[in-house]
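The lines below spell out each chain.
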Amino acid sequence: MTATPTGPALSTPPDNAEHLLAPATAHQALRMLLSSAPTASAIAVGLHHNGQRALFVRGRTAHHGGVPADARTRFEIGSLTKTFTALLLAEQAARGELNLGDPLARHLPAGTLLPPGGRAMTLTHLATHTSGLPRLPPGLLRSAVPRLFTNPYAVFGTDDVFHALARTRLRATPGTRVRYSNFGAGLLGHVLTGAAGSHSYPALLDVRVLKPLGLQDTSCTAAAPEGGTQVTGYWRRRARPPFHIPGLPAAGALRSSADDMLTLTEALLAPASVKVPTALETALRDVPRPRLRLPRGSSLALIWNIHSRRDGSLLYHHSGGTRGCTAFAGFVPHHGTALVALANTAPGTDNNLIQAAYNTLIALQPRNTRRRQGQSRK
């Protein structure tokens with residue numbers, strides 16, 4: 001079942017959302033989520049709980065001259081692209097094209113120069129942000145200065161990536177420290193195409209992941225498919241050009257819709273429920289497996305962050321942002337719940353979408369579990 005109201009911020013949640021959230025929290029959580037990014041012209045949200053889904057949208061694709069947004073309207077999802085890269089990595093491992101413990105160098109072009117200590121980097125290090133690579137490639141900021149608030153990655157191509165790798169200084173010995181790295185995740189995309197004998201990350205992802213899952217609205221292309229709609233991104237209500245990241249597409253190039261993003265999280269919740277090739281089903285089961293334990297009850301899967309809840313459940317989450325859009329996706333397998341949220345405004349102090357989405361996902365847990373937790377605190 002689907003609800004897709006548009007227009008001003010909703011004063012009451014869609015009727016079918018009441019079946020997904022405890023009544024005491026439904027109105028407050030959804031109203032907060034739909035108003036969490038006031039400078040966006042559109043916010044799209046997808047909820048899933050115990051086999052039921054709700055998709056609803058507020059607004060238009062642009063502040064001026066846009067059309068009504070719907071559940072299939074595309075947004076830039078930024079770093080949520082990395083969750084698709086993780087799935088492609090696990091799919092290729094299931095096929096036997098590579099192993100997660102393979103050294104980085106095995107699947108890079110012949111003659112690629114690595115930084116000192118780089119031969120110890122594995123594919124798992126790249127997918128858990130423990131490679132020791134910096135957040136950004138050396139030289140990128142210098143090239144980004146003229147377009148820092150529009151398209152900072154736009155002129156940084158594949159050749160630049162490999163030139164940067166050769167002169168990188170690792171920030172830590174691989175495997176010893178978590179350091180979030182767009183560079184590492186983007187480099188992983190080049191590894192995956194090398195292992196598959198492909199020249200294009202977007203094409204490989206499309207064949208191996210997007211089409212099998214039926215994700216018709218998701219791609220790296222800057223323009224929406226014919227007949228589809230796509231938002232204009234905004235930064236402080238100023239329209240931004242389409243985001244481009246040619247050298248590191250695996251780190252942030254995808255556009256997607258609330259419908260497609262919810263479908264992805266649903267597949268991760270219940271891999272056996274989707275009809276996909278065996279290798280992809282294996283990957284859907286493998287991606288959420290915790291790989292690295294962190295302090296304060298947190299851990300890491302392949303790309304996904306994991307937070308341990310008081311009831312013993314694991315909450316998986318990741319967010320993304322470009323110069324014009326903000327995105328969140330999360331799911332809790334133990335409760336059979338998932339939530340995705342997209343807005344066409346850049347991350348900033350006036351944008352609380354990610355925190356609001358995280359809080360709403362917590363509110364999706366079963367009512368009897370919430371009651372038991374309340375009793376245990378008395």
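Small disclaimer: the values here were computed from a predicted structure and weren't measured. (Residues numbered from 1 in each chain as written. Predicted model: local features only at pLDDT ≥ 70, side-chain atom pairs only at ≥ 80, totals over all residues. Heavy atoms only, no water.)

Some points on the overall build of the protein chain
Okay, so step 1: Of the regular secondary structure elements, the protein chain holds 12 helices and 12 strands.
Okay, so step 2: Here the protein chain displays about 15800 Å² of accessible surface, and carbon together with sulfur accounts for 51% of that area. (Helix = DSSP H or I, 4+ residues; strand = E, 2+ residues; numbered from the N terminus. Areas by Shrake-Rupley, 256 points an atom, 1.4 Å probe, with all protein chains shown as cover.)

Side note on the pairing of strand E9 (residues 305-308)
Okay, so step 1: Of the strand pairs in this sheet, strand E8 (residues 298-300) and E9 are connected by 3 bridges, and their pairing is antiparallel. Bridge pairing links Ser299 to Ile306 in E9.
Okay, so step 2: In textbook terms, the turn of a hairpin is the stretch between consecutive antiparallel strands, and for E8 and E9 this stretch comprises 4 residues, one of which, Ile303, has a positive phi near 75°.
Okay, so step 3: Both E9 and strand E10 (residues 314-321) contribute to a ladder of 4 bridges, which runs antiparallel. Directly across from His307, in E10, lies its bridge partner Leu315.
Okay, so step 4: Between the end of E9 and the start of E10, which pair antiparallel, lie 5 residues, with Gly312 showing a positive phi angle near 90°. (Pairing = 2+ DSSP bridges.)

Re empty space enclosed by the protein
Okay, so step 1: Evaluation of the coordinates by the stated rule reveals 1 cavity of 30 Å³ or more.
Okay, so step 2: The calculated volume of the largest cavity comes to roughly 50 Å³.
Okay, so step 3: Along its surface, the largest cavity is lined by 10 residues, and Arg309, Ser313, His335, Ile362 and Gln365 are the ones closest to its centre.
Okay, so step 4: Residue composition of the lining of the largest cavity, grouped by class: 4 nonpolar, 4 polar and 2 charged. (1 Å grid on protein atoms, 1.4 Å probe; cavity = no way out; pocket = protein on both sides within 12 Å on 5 of 7 lines; lining within 4 Å. Points joined across faces, edges and corners; volume = space filled by probe spheres on them. Nonpolar A, V, L, I, M, F, W, Y, C, P; charged D, E, K, R; others polar.)

Focus on the pattern of salt bridges
Okay, so step 1: Evaluation of the coordinates by the stated rule reveals 12 salt bridges.
Okay, so step 2: As a salt-bridge pair, Glu97 and Arg208 come within 2.7 Å of each other at their nearest N and O atoms. Of this pair, Glu97 sits in the loop between helix H2 (81-95) and helix H3 (123-127) while Arg208 sits in helix H7 (residues 201-213), and the two are 111 residues apart along the sequence.
Okay, so step 3: Residue Glu281 is joined to Arg285 by a salt bridge in which the shortest nitrogen-to-oxygen separation is 2.8 Å. Taken together, the residues Glu281 and Arg285, both in helix H10 (residues 278-286) and 4 residues apart, mark about one turn of the helix.
Okay, so step 4: Ionic contacts of the salt-bridge type, sharing partners, join the residues Glu91, Arg95, Glu97 and Arg208 into one network. (Salt bridge = Lys/Arg side-chain N within 4 Å of Asp/Glu carboxyl O.)

Points about the environment of Asn182
Okay, so step 1: Examined against the element boundaries, Asn182 turns out to sit in helix H6 (residues 182-196).
Okay, so step 2: Distance from Asn182 to Leu133, taken between C-alpha atoms, is 9.0 Å for residues 49 residues apart in sequence.
Okay, so step 3: For Asn182, the residues in contact, after removing those within four places along its chain, are Ser79, Lys82, Arg135, Leu136, Tyr153, Leu248 and Ala251. (Contact = heavy atoms within 4.5 Å.)

Quick word on the confidence of the model for the protein chain
Okay, so step 1: When pLDDT is averaged across the protein chain, the result is 89; 89% of the residues are at 70 or more.
Okay, so step 2: Segment residues 1-13 is flagged for pLDDT under 50; beyond a separation of four residues in sequence, or across chains, it makes 36 contacts in the model.
Okay, so step 3: Predicted confidence is poor over residues 369-378, with pLDDT under 50, and the contacts of this stretch with residues over four places away or in other chains come to 11 contacts. (pLDDT = per-residue confidence, 0-100.)

What about the side chain of Thr39?
Okay, so step 1: For Thr39, the position within the fold is in the loop between helix H1 (23-34) and strand E1 (42-49).
Okay, so step 2: In this structure Thr39 comes out as buried when scored by relative accessible area, which is 11%.
Okay, so step 3: Here Thr345 takes part through its side chain, which lies 2.8 Å from a polar atom of the side chain of Thr39. (Buried < 20%, exposed > 50% of the residue type's maximum accessible area, 1.4 Å probe, protein only. Polar contact = N/O pair within 3.5 Å; in protein donor to acceptor, adjacent residues only side chain to side chain.)

Observations regarding the packing of H2 against H10
Okay, so step 1: Contact geometry of H2 with H10 gives a least axis separation of 8 Å together with a crossing angle of 125°. Taken together, the axes of H2 and H10 lie oblique to each other. The two elements H2 and H10 meet at a crossing, and its hand is right-handed. Between H2 and H10, the contacting residues are Leu87, Ala90, Glu91, Ala94 and Arg95 on the first element and Ala279, Leu280, Thr282, Ala283, Leu284 and Asp286 on the second.
Okay, so step 2: Residues that form the contact of H2 with H10 fall into these classes: 7 nonpolar, 1 polar and 3 charged. (Axes fitted to C-alpha atoms, helices over the stretch in contact; angles between N-to-C directions. Parallel < 35°, antiparallel > 145°, perpendicular 65-115°, else oblique. Left-handed = near helix turned anticlockwise from the far one by under 90°.)

Looking at the layout of surface pockets
Okay, so step 1: Estimated volume of the largest pocket: approximately 560 Å³.
Okay, so step 2: As for the largest pocket, its lining consists of 27 residues, and the residues nearest its centre are Arg135, Tyr153, Asn182, Gly321 and Arg323.
Okay, so step 3: Where the lining of the largest pocket is concerned, the elements lending two or more residues are helix H4 (140-144), helix H8 (249-252) and E10.
Okay, so step 4: Of the residues belonging to the lining of the largest pocket, the class tally is 16 nonpolar, 8 polar and 3 charged.
Okay, so step 5: Its volume calculated, the second largest pocket comes out at about 300 Å³.
Okay, so step 6: Forming the boundary of the second largest pocket are 19 residues, of which His190, Thr193, Ser198, His199 and Ser200 lie nearest the centre.
Okay, so step 7: Secondary-structure elements contributing two or more residues to the lining of the second largest pocket are helix H5 (158-166), H6, H7 and H8.
Okay, so step 8: In terms of residues, the lining of the second largest pocket owes the most to one element, H6, which gives 5 residues.

Re the packing of H2 against H7
Okay, so step 1: One can describe the packing of H2 onto H7 by two numbers: an axis separation of 10 Å at closest approach and a directional angle of 85°. Between H2 and H7, the angle falls in the class roughly perpendicular. Between H2 and H7, the residues in contact are Thr81, Phe84, Thr85, Leu87, Leu88, Glu91, Gln92 and Arg95 and Tyr201, Leu204, Leu205, Arg208, Val209, Leu210 and Leu213, respectively.
Okay, so step 2: Per-class residue counts for the contact of H2 with H7 are 9 nonpolar, 3 polar and 3 charged.

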